[in-house]
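The chain contents come next:
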Amino acid sequence: MKRAAFALGLLLVVVVALPARAADKEFDSLVNALRHHYSLPRPEYPLRGVFMGPMMALARHSGGARKTEVEVATFENIQPGRFEPTDFENTVNRSLPANWRPFVRVFSRKDHEITLVYMDTASTSQRMRLFVVTAEDNELTLVRVRVPDDQTMAWVDNPTHMAKQQTK
Amino acid sequence: MKAPLRVALIALFFAGCAMAQQIQWPVKLDKLAAKASEVVDVQLDKKMLGMAGNFMSQDDKSDQEAHNLIKSLNGIYVKSFEFDKDNQYDPADVEEIRAQLRSPEWTRVVGVESKKDNEHVEVYIRNVSGKISGMVVLAQEPRELTFVNLDGNIDPSQLQKLGGNFGIPKVDTGHKAKPAAKPAPAPKAVQK
C-alpha cells in the first residue's frame, strides 16, 4: 500500500513537472545558444533539480496572479569583457522567437556590463512575460519571468533590479 | 543630466505644456555606441505599452494612474550615451534631430544653455489641433548625450508622474520651494 502511494505520488510529480519542462524549451534554447557561441561551461539552474524542479512546477500549477513564475540560469567564472555588445545582442536576438521584443538595452563598457530586456508581445496569458539577460563581472545570468500583476510596473520600470532579486 | 534639464522640465511643467510624434533617430548617432562608455536605450512602442498596461493591477492606485497615463501614449523612447572623454560626438550630428523639430507643429518651449558647464538642454512640444501630442527633450553635455521622446497625448498635469518611470528623468515641480539639492536621476540610474 505504501509502495502504491509512493508510486502515485511520484507519478503526480512527474505529470505536473513534464509540461513545465516542455515550456522551458524556449529558455533552454537561448541558454544553449549562448553556451555554444561563447564556449561557456555548463550553466547552473538554481531553481531546477530533484527538489526545486517539482516544487516550482507545483507552484506554477497552484499559483494565482500574485505568484512569480521564474526560470533562472547562470554561467559563472567568465572572463570580464568576454562579450562584445553587438555580437552578444545579435546572438540573443537570433536565439529568441520573434515574439520576444527588446525594450531595454544597457551597455556599459567601463563596468563590462550588458543588460537586455525583452517582453513577450504574443503572450496569451493573463500576465506579462519578460526575459532579462545580464552579463556582468564574471557572470552571465538569464531570467525569464511571468510577472505577477501587482509587480508589473516594478518590472517594466526596473527590470534589471527585479531580475537580480530573483537570483539572490 | 544635471540642473539644466531639471530646470527645463520644471519650466515645461509650469508652462502647462506637454507631448510627441515619432522622431527618427539618425543612424549615425547609433554609431556613438562604439565610443560610449555607457549606452541606455529604452524603446516601448504602443503595443508594448498596451501590454504592460493590460497586465497592471486593477487594485493598486498607482498602477491605475500609470495605466491611465500610458494608454494615451504611442511610445516612449529614451537614448542616452555617456563618454569617458569630452567631445566624443559631433554636435552637428544632433542637428539632424533638431531639423525634424523645425516643422510648424513643433515648438521649442525651453532652451537652457550653461556656458559654465557647457551644457545645452532643449524641450520641444508638438501641438496638433490645440492638443499636445508629443514631447522631445534633448540634453547635450560634453560627456553625455540624452534624447527622450514621448509620442502621444498626455495631460501636462500627469507629466510629473511619468518622470522617474520608463527611464524618463524625474520631474521636480519645485512647488514647495525645496532646495535644488539632488539632481534628477539620469535614465541609466533608473535602469541599473
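Look up a bit, the structure's there.
Here's a quick rundown of the structure. (Residues numbered from 1 in each chain as written. Chains lettered and ligands numbered in written order. Predicted model: local features only at pLDDT ≥ 70, side-chain atom pairs only at ≥ 80, totals over all residues.)

What to know about the pairing of strand β3 (residues 106-114) of chain B
All names here are of chain B.
In step 1: Bridging between β3 and strand β4 (residues 119-128) involves 8 bridges; their strand directions are antiparallel. Looking across to β4, one finds that Trp 106 is bridged to Arg 126.
In step 2: Hairpin connection between β3 and β4: a loop of 4 residues separates the two successive antiparallel strands, and Asn 118 in this loop has a positive phi of roughly 55 degrees. (Pairing = 2+ DSSP bridges. Helix = DSSP H or I, 4+ residues; strand = E, 2+ residues; numbered from the N terminus.)

Description of the packing of helix α2 (residues 25-37) of chain A against helix α4 (residues 85-95) of chain A
Residues and elements named next belong to chain A.
In step 1: Running from N to C, α2 and α4 cross one another at 140 degrees; their axes reach a closest spacing of 9 Å. For α2 against α4, the interelement crossing comes out right-handed. On the side of α2, the interface is formed by Ser 29, Leu 30, Ala 33, Leu 34 and His 37, while α4 contributes Thr 91, Val 92 and Ser 95.
In step 2: Its residues assigned to classes, the contact of α2 with α4 comprises 4 nonpolar, 4 polar and no charged. (Axes fitted to C-alpha atoms, helices over the stretch in contact; angles between N-to-C directions. Left-handed = near helix turned anticlockwise from the far one by under 90°. Contact = placed C-beta atoms within 7 Å. Nonpolar A, V, L, I, M, F, W, Y, C, P; charged D, E, K, R; others polar.)

Considerations on the interface of chain A and chain B
In step 1: Each partner contributes residues to the interface: chain A has 22 residues there, and chain B has 24 residues.
In step 2: Secondary-structure elements contributing two or more residues to the side of chain A that touches chain B are β2 (100-108) and α5 (152-157) of chain A.
In step 3: When residues of the side of chain A that touches chain B are assigned to their parent elements, the largest contribution, 7 residues, is made by β2(A).
In step 4: In terms of strand pairing, β2(A) meets strand β1 (residues 38-45) of chain B through 5 bridges, oriented antiparallel. If you follow Ser108(A) over to β1(B), its bridge partner there is Glu38(B).

Remarks on α2(A)
All names here are of chain A.
In step 1: Between its first and last C-alpha atoms α2 spans 18 Å; for 13 residues at 1.5 Å apiece the expected length is 18 Å, and the two agree.
In step 2: The complete set of buried residues in α2 reads Leu 30, Val 31 and Leu 34. Buried residues of α2 fall within an arc of 95 degrees about the axis and therefore sit on the same side. Those residues of α2 that are exposed and aimed more than 90 degrees away from the buried face are Lys 25 and His 36.
In step 3: Where α2 is buried, its residues contact β1 (69-75), α4 and β5 (139-146).
In step 4: Among the residues trailing α2, Ser 39 stands out with phi positive, at a value near 50 degrees. (Expected span 1.5 Å × (residues − 1). Buried ≥ 20, exposed ≤ 12 C-beta atoms within 10 Å, placed from the backbone. Arc of directions from axis to C-beta.)

A closer look at the sheet that holds strand β4 (residues 129-136) of chain A
In step 1: Across the sheet, which stays open at both edges, the 11 strands sit in the order β1(A)-β5(A)-β4(A)-β3(A)-β2(A)-β1(B)-β2(B)-β6(B)-β5(B)-β4(B)-β3(B) with antiparallel pairing between neighbours. For this open sheet the edge positions go to β1 of chain A together with β3 of chain B, each flanked by a neighbour on one side alone. The mean angle between the axes of side-by-side strands here comes to 10 degrees, regardless of whether they run parallel or antiparallel.
In step 2: On top of the sheet, helix α3 (residues 46-54) of chain B reaches β2 and β3 (113-120) of chain A together with β1 and β2 (73-82) of chain B; it is set at about 75 degrees to β1(B), its chief contact.

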